[in-house]
Amino acid sequence: MPITYVNIEWPDNQKDQVYSPSSVINEYLKPGESLSLEEFLTRCTTGLNEASERVRLKFGYSCTSAQAESSRISEKCQNYDAKKIVKIV
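Cut-offs used in this document
- Residues numbered from 1 in each chain as written.
- Predicted model: local features only at pLDDT ≥ 70, side-chain atom pairs only at ≥ 80, totals over all residues.
- Heavy atoms only, no water.
- Helix = DSSP H or I, 4+ residues; strand = E, 2+ residues; numbered from the N terminus.
- Contact = heavy atoms within 4.5 Å.
- Pairing = 2+ DSSP bridges.
- Axes fitted to C-alpha atoms, helices over the stretch in contact; angles between N-to-C directions.

*Asks:* In this structure, what is going on with the side chain of Ser52? I would like to understand it.
*Replies:* Note on placement: Ser52 falls in helix α1 (residues 37–59). Excluding residues within four positions of it along the chain, Ser52 makes contact with Ser62, Cys63, Ala66 and Gln67.

Below, the structure written as structure tokens:
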């Protein structure tokens, strides 16, 4: 269960990384994709929830870092219109 960082570019061209405690996030956010903010948030939340669940199954507790990252991404998404594009780089 390797820690994985996904590089993204927000609609205003700011660079950022999404932290995940599991590489399962790569099934949801693939390099080269351009996603509407709405789709990005849905995939990111789903992927981070699955990553946290994998941690829970392996160690007996969910990953609070994945939950915190999901909250951070959700808050950041509120700064943009839902139709704007996020690039997975």
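*Asks:* What should I look at first to understand unusual backbone geometry in this one?
*Replies:* With the exception of glycine, most residues fall at negative phi, and the peptide bonds are largely trans. The backbone phi angle of Asn13 is positive, close to 70°, even though this residue is not glycine. Within the fold, Asn13 resides in the loop between β1 (4–9) and β2 (15–20).

*Asks:* Sorry, what's going on with the sheet that holds β1 here?
*Replies:* Strand pairing within a sheet occurs via backbone hydrogen bonds; the two strands may be parallel or antiparallel. Strand order in this open sheet of 4 strands is β2-β1-β4-β3, and the pairing throughout is antiparallel. Each edge of the open sheet is held by one strand with a lone partner, namely β2 and β3 (34–36). Averaged over all pairs of adjacent strands, the angle between their axes in this sheet comes to 35°, without regard to strand direction. Here β1 pairs with strand β4 (residues 85–88) via 2 bridges, running antiparallel. Across the sheet, Ile8 pairs through a bridge with Ile88, a residue of β4. Seen against the sheet, α1 touches β1, β2, β3 and β4 and runs at an angle of roughly 100° to β3.

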